[in-house]
Amino acid sequence: MPDLNIRCRRARPDDAFALMRLYQESFPRMKQDALFLDLGRLRAEIEAHGRWWSVADSGEGLRALVALQLDDKNRLGRIRRMYAAAPEDSRRGLLSAALALLLDATGAAGAADVVYSTTRTLTLEQQEVTLERGFHVCGVFPNAVYADPKRLNGLSVWLAPEALARRRHSDFSLHPVVEPFFEIARRQCGMEKLGAAAVPALPAEREAPPPLEMIAASRFVAERYRQVKSRKNLSVNFFPFETPNILFTSPDGKVEVFVRLSQEMRFASILGEHLTASVDPVALYRDVAALLYANRVIYIEVINDAADVQGIECILRAGFVPCGYLPCLKQAGDKRRDYVVFARSYEYFTYPRLKVNSLYLDYLREYCKARATVR
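Quick look at the structure, then. Within each chain, residues carry numbers counting from 1 in the order of the written sequence. Two thresholds apply to this predicted model, a pLDDT of at least 70 for residue-level local features and 80 or more for giving and counting side-chain atom pairs, whereas whole-chain, interface and lining totals are computed over all residues. To obtain the side-chain values, all non-hydrogen atoms of the structure were used and water was disregarded.

**Quick look at the pattern of salt bridges**
Moving on, step 1. When a carboxyl oxygen of Asp or Glu lies within 4 Å of a side-chain nitrogen of Lys or Arg, that pair is called a salt bridge. Under the criterion given, the structure shown has 26 salt bridges.
Moving on, step 2. Between Arg 7 and Asp 57 there is a salt bridge, with the nearest N and O atoms lying 3.7 Å from each other. Note that Arg 7 is positioned in strand β1 (residues 7-10) and Asp 57 in strand β2 (residues 51-57), a separation of 50 residues in sequence.
Moving on, step 3. Arg 21 serves as the salt-bridge partner of Glu 25, at 3.0 Å between the closest nitrogen and oxygen. With Glu 25 and Arg 21 both in helix α1 (residues 16-26) and four residues apart, this pair spans about one turn of that helix.
Moving on, step 4. Each of Arg 9, Arg 12, Asp 14 and Asp 15 takes part in a single network of salt bridges with overlapping partners. Secondary structure follows DSSP: runs of H or I at least 4 residues long count as helices, runs of E at least 2 residues long count as strands, and numbering of each begins at the N terminus.

In structure tokens form, the structure reads like this:
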């Protein structure tokens, strides 16, 4: 029987060496986490602002870790890490207890209305622990190479009751292509139905985008992004917890598109654009996608406000397909706004017979249907 004598607490900087050992003993089936190979950096990370880490001890030292990153401005959290060094029959219980402590602590402090996890850094088994603690399945990432490269990758979200009941902005209509994804999330979260919007006509033709060049200078790009974002000049201005490391720009600087690129995973996220020239947004996103593909990227992600029907139509026409629906993701005044996750994959994918929560498969089926309609 699993050992149920689990004690949990917040992690401290002096736990760093024990956590390095825990990490080594957990044999994580993913790329190496360099943080756990540098004692000083690990200590600094544990006590950094916006980091909430909890550990679980079953009487034999630290056996599990759950690490949460917080965005204070948006009262938003993301689970960054889950590690457990224990037999399979007790591993999930240790992780579940450590996660429960974090949710209780952030709730008591009023620090987060929404916490989410993705299998970019967690295995699917680890994400299933979040479902046992009240998270909802809110999407999948078809063909994305994350922690389990041959498995279906997913998104789960925990929502504070107050966020759904009183703070969620719900006075809008949905793009018809997005509606099936909302419906899966709605049934889990108890949200009211939303009306369907008419597919919008796009603005009159704009100029084709100028030729774009890629700048791969991560510190320069991050600083440029910070400057543009601080002046509120980003056309798309919200992609939580990510900083760009490459920039696509026109020679005159009138068109700038900020991207987070992972060459190892052949994955990219489009974080936002800064435009001082009128260009066709559909053509712009198609050009950026083509340039990323030329740089060996096979999977590209973008998110957009669920109420922005015209923006969603542009994203669809650029070849991106919905794959998830995130209620209450962004804080806007005293309300929270829903967002839609879109993916563009350049490779076909197949999966073995999957033994997963059926909701993952519901999103996957809707993604495949939508993909057949998007050109």
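Moving on, there is more to tell.
**Points about the packing of helix α6 (residues 179-189) against helix α10 (residues 358-373)**
How two helices pack is summed up by the angle between their axes together with the distance between the axes.
Moving on, step 1. Each axis is a line fitted through C-alpha atoms, taken for helices only over the stretch in contact, and angles between the N-to-C directions span 0 to 180 degrees. Packing of α6 against α10 brings their axes to within 9 Å, and their N-to-C directions diverge by 165 degrees. With respect to each other, α6 and α10 are oriented roughly antiparallel. In the crossing of α6 with α10, the sense of the turn from one axis to the other is right-handed. Here Pro 180, Phe 181, Ile 184, Ala 185, Arg 187 and Gln 188 of α6 come into contact with α10, specifically with Leu 359, Asp 362, Tyr 363, Glu 366, Tyr 367 and Ala 370. With respect to orientation, any angle under 35 degrees is reported as roughly parallel, any angle over 145 as roughly antiparallel, any angle of 65 to 115 as roughly perpendicular, and every other angle as oblique. By the definition used in this description, the sense in which the near helix is turned from the far one sets the handedness, with an anticlockwise turn below a right angle giving left-handed and a clockwise turn giving right-handed. Contacts were defined at the residue level, with two residues in contact if any of their heavy atoms lie within 4.5 Å.

**Topic: helix α8 (residues 281-294)**
Moving on, step 1. Relative to the 20 Å expected for 14 residues at 1.5 Å per residue, α8 spans 20 Å between its end C-alpha atoms, a close match to the ideal helical length.
Moving on, step 2. Under the scheme applied here, a residue whose accessible area is under 20% of the maximum for its type counts as buried, over 50% as exposed, and between as partly exposed, the area being computed with a 1.4 Å probe on protein chains only. Taken together, the buried positions of α8 are occupied by Val 282, Ala 283, Leu 284, Tyr 285, Val 288, Ala 289 and Leu 292.
Moving on, step 3. The secondary structure elements touched by the buried residues of α8 are β9 (246-249), β10 (255-262), β11 (267-275), β12 (299-305), α9 (309-317) and β14 (335-345).
Moving on, step 4. Arg 296 occupies a position one or two residues after α8 and carries a positive phi of about 75 degrees. Here a helix's expected span is defined as the number of its residues, less one, multiplied by 1.5 Å.

**Description of unusual backbone geometry**
Moving on, step 1. A positive phi angle is found at Phe 241, which is not glycine, with a value near 65 degrees.
Moving on, step 2. Mapped onto the secondary structure, Phe 241 falls in the loop between α7 (218-230) and β9.
Moving on, step 3. Despite not being glycine, Arg 266 shows a phi value in the positive range, around 55 degrees.
Moving on, step 4. With respect to the helices, strands and loops of the structure, Arg 266 is situated in the loop between β10 and β11.
Moving on, step 5. Residue classification places Arg 266 among the partly exposed residues on the basis of a relative accessible area of 25%.

**Examining the packing of aromatic side chains**
How two aromatic rings sit relative to each other is given by the distance of their centres and the angle of their planes.
Moving on, step 1. Here a Phe, Tyr or Trp ring, Trp counted by its six-membered ring, pairs with any other such ring whose centre lies within 6.5 Å, and the pair is stacked when the planes are under 30 degrees apart, edge-to-face when over 60, and tilted otherwise. Scanning the model with the defined rule gives 11 aromatic pairs in all.
Moving on, step 2. Here the aromatic rings of Phe 182 and Tyr 325 are separated by 5.1 Å at their centres, their planes lie at 70 degrees, and the arrangement is edge-to-face. With a gap of 143 residues between them, Phe 182 in helix α6 and Tyr 325 in strand β13 (residues 321-332) connect regions that are remote in the sequence. Each member of the pair Phe 182 and Tyr 325 is classed as buried.
Moving on, step 3. By way of ring pairs, the aromatic residues Tyr 23, Phe 36, Trp 53 and Tyr 83 are connected into one cluster.
Moving on, step 4. Above the face of the Trp 52 ring, Arg 10 is positioned so that its terminal group lies 4.2 Å from the ring centre. Cation placement over rings: the criterion is NZ of Lys or CZ of Arg within 6 Å of the ring centroid and within 35° of the ring normal.

**With respect to the side chain of Asp 338**
Moving on, step 1. Structurally, Asp 338 can be placed in strand β14.
Moving on, step 2. In the analysis that follows, any N or O atom pair within 3.5 Å is treated as a polar contact, provided that within protein one partner can donate a hydrogen and the other can accept it, and provided that, for residues neighboring in sequence, both atoms belong to side chains. There is a polar contact of 2.8 Å between the side chain of Asp 338 and the side chain of Arg 168.

**Points about empty space enclosed by the protein**
Moving on, step 1. Grid spacing is 1 Å over the protein atoms alone, the probe is 1.4 Å, and a cavity is where that probe fits but cannot get out, while a pocket is an open set with protein on both sides within 12 Å along at least five of seven lines and lining residues have an atom within 4 Å of a point. Grid points are joined across faces, edges and corners, and a volume is the space filled by probe spheres set on the points. With the rule as written, the count across this model stands at one cavity of 30 Å³ or more.
Moving on, step 2. If you add up the space inside the largest cavity, you get close to 160 Å³.
Moving on, step 3. If you trace the largest cavity, you find 14 residues lining it, with Tyr 116, Thr 118, Phe 239, Glu 301 and Leu 326 closest to the centre.
Moving on, step 4. Residues belonging to the lining of the largest cavity are distributed by class as follows: nine nonpolar, one polar and four charged. Residue polarity is assigned by list, with Asp, Glu, Lys and Arg as charged and Ala, Val, Leu, Ile, Met, Phe, Trp, Tyr, Cys and Pro as nonpolar; anything else, Gly included, falls into the polar class.

**Observations regarding the nonpolar core**
Moving on, step 1. Think of a nonpolar core as a cluster: buried Ala, Val, Leu, Ile, Met, Phe, Trp, Tyr and Cys residues, connected wherever their side-chain atoms sit within 4.5 Å. Counting residues in hydrophobic clusters, the biggest one holds 107 residues, and the most contacted among them are Ile 79, Ile 270, Leu 292, Phe 320 and Tyr 325.
Moving on, step 2. Each residue touching Leu 292, except ones within four places of it in the same chain, is listed here: Ile 246, Phe 248, Val 259, Ala 268, Val 297 and Ile 300.
Moving on, step 3. In terms of nonpolar packing, the next biggest core, distinct from the first, is built from 17 residues, Ala 16, Met 20, Tyr 23 and Ala 67 among them.

**Notes on the pairing of strand β5 (residues 114-118)**
Moving on, step 1. With five of its five residues buried, β5 lies for the most part within the structure.
Moving on, step 2. Of the two faces of β5, both are covered, the one formed by Val 114, Tyr 116 and Thr 118 as well as the one formed by Val 115 and Ser 117.
Moving on, step 3. Pairing of strand β4 (residues 76-84) with β5, which is carried by three bridges, proceeds in the parallel orientation. Note on β5: the bridge partner recorded for Gly 77 is Val 115.
Moving on, step 4. The rule for pairing is simple: two strands pair if DSSP sees at least two bridges between them. With five bridges joining them, β5 and strand β7 (residues 154-159) adopt antiparallel strand pairing. Counted as the bridge partner of Thr 118 is Leu 155 from β7.

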